[in-house]
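The primary structure of each chain is shown beneath.
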Amino acid sequence: MTDRIILAFESSADETSVAIVKNGNEILSLEIATQIKSHQRFGGIVPEVASRHHIEQITLLVDAALTDAKLTYDDLTAVAVTYGPGLVGALLIGVTAAKTIAWAHGLPLVPVVHMAGHISAAQFVEPIQYPALALMVSGGHTEFVLMESEYEYVVVGDTRDDAVGESYDKVGRTMGLPYPAGKKIDEMAHQGTDEYKLPRALMNDGKLDFSFSGLKSAVINLKHNADQRDEELNLINLATSFQMAVLDILLTKTRQALKTYPVKMLIVAGGVAANQGLRDGLDQFLTEFTHTRLVKVPLQLAGDNAAMIGAAGDVAYRHGERASWDLNAKPGLDFDYLSPDLEFKVPGVENNIN
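### A look at the sheet that holds strand β11 (residues 336-337)
Now for step 1: On the basis of which strands lie adjacent, the open sheet formed by six strands has the order β10-β9-β6-β7-β8-β11 and mixed pairing. Each edge of the open sheet is held by one strand with a lone partner, namely β10 (293-296) and β11.
Now for step 2: Relative to β10, strand β9 (residues 265-269) runs parallel, the two sharing four bridges. Residue I267 lies in a different strand from β10, and its bridge partner there is V295.
Now for step 3: Contacts from helix α9 (residues 276-285) reach β6 (132-137), β9 and β10, with the element oriented near 170° to β10.

### A closer look at the packing of aromatic side chains
Now for step 1: For the structure on display, the rule yields six aromatic pairs.
Now for step 2: Arranged with centres 4.7 Å apart and planes meeting at 10°, the rings of Y153 and F335 form a pair that is stacked. With Y153 in the loop between β7 (142-147) and β8 (154-158) and F335 in the loop between α10 (306-318) and β11, this residue pair connects regions lying 182 residues apart in the sequence. Taken as a pair, Y153 and F335 share a single burial class, namely buried.
Now for step 3: Centroid distance Y168 to F242: 4.9 Å. Interplanar angle 75°. Geometry classified as edge-to-face. Taken as a pair, Y168 in helix α5 (residues 164-174) and F242 in helix α8 (residues 235-260) lie far apart in primary sequence, 74 residues in all. Both residues of the pair, Y168 and F242, count as buried.
Now for step 4: Three or more aromatic residues joined by ring pairs make a cluster, and in this case those are F144, F210 and F212.
Now for step 5: In this structure, R255 is placed above the aromatic ring of F285, and the distance from its NZ or CZ to the ring centre is 4.6 Å.

### So, the sheet that holds strand β5 (residues 109-113)
Now for step 1: Ordered in space as β3-β2-β1-β4-β5, the five strands form an open sheet in which the pairing is mixed. The strands lining the two open edges of the sheet, one partner per strand, are β3 (26-34) and β5. Sheet twist, expressed as the mean angle between neighbouring strand axes with direction ignored, is 20°.
Now for step 2: Relative to strand β4 (residues 78-84), strand β1 (residues 5-10) is paired through four bridges, and the arrangement is parallel. Bridging from a neighbouring strand, F9 pairs with V81 of β4.
Now for step 3: Strands in contact with helix α3 (residues 88-104) are β1, β4 and β5; relative to β4, the strand with the most contacts, it is inclined by about 160°.
Now for step 4: Across the sheet, α10 lies against β1, β2 (15-22), β3, β4 and β5, angled at about 125° from β1, the strand it touches most.

Definitions and limits used
Residues numbered from 1 in each chain as written. Predicted model: local features only at pLDDT ≥ 70, side-chain atom pairs only at ≥ 80, totals over all residues. Heavy atoms only, no water. Pairing = 2+ DSSP bridges. Helix = DSSP H or I, 4+ residues; strand = E, 2+ residues; numbered from the N terminus. Contact = heavy atoms within 4.5 Å. Axes fitted to C-alpha atoms, helices over the stretch in contact; angles between N-to-C directions. Phe/Tyr/Trp six-rings, centres within 6.5 Å; stacked < 30°, edge-to-face > 60°. Buried < 20%, exposed > 50% of the residue type's maximum accessible area, 1.4 Å probe, protein only. Lys NZ or Arg CZ within 6 Å of the ring centre and 35° of its normal.

Everything listed is a geometric property; what it means functionally is a separate question.
Laid out in structure tokens, this is it:
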């Protein structure tokens, strides 16, 4: 069987990345140019700055990826690229580069949804077993994605306001932590105690939607009120209380999701999948679900990277997905949502709770 060699691009936010992936599960090369230092002084991503950095780096990364993999354009099967969601200017850099290379070398162009990339990073751990459920936790998304079979993605739960990663960054900025703040808050949370009473919106409503805006605002208001009274909060304990509230929500909702959809595999993906508290919490309660295997995306692939786009691009390529030369960026792109009027049952899997 001929190997499938995918050249993949990811430029949806503040990471410029190019990778070459073989057969959807082997990374031949992976190049990432981070922009964190450029955005830290602003406390978040500045879209125009991000786009300029992508322009500066993307062709250099293509050359480096081919060199590291010891391949030429003639060895490639297809070109895959994130076309949404994300920052429109940033997305356009990757889409334009991918289109140019695909056209110049007579290669198929494969469009990839960013979240499909995060989920497909599980392929670098082991083959995904279907039906599967993904807990997508990142700076822009907090949602449950149900996959009855390969290349079928349906959102069955979503955040009504802030994504969890976005909340970490906003809380971190209020606490005076550098951007991005998720890793630092996670580290601090393991050192303190749950001192501050914080809200846990929608946690016990029996549904699969999330809300983090109230939690984020509660932390910000607590800090601002203390500053106005010249009081000092214990920031270690504040980080602990904030993370405990986040984990209570995520783990409670995930337990409910697995009761509703008793799948064969649970995938935790996205930048917040690197959170050690979340990874440990999932390990503990997944022992209740004896027929569900937990797969955590590798730490080095939890953030935005082109290897995950190559894995998702391989799936899309095998299913005949092709883009024409008028492919455009779609900043608001998302998967389809499960209609509340439809009863969705996962076949072939019985309730798996002990």
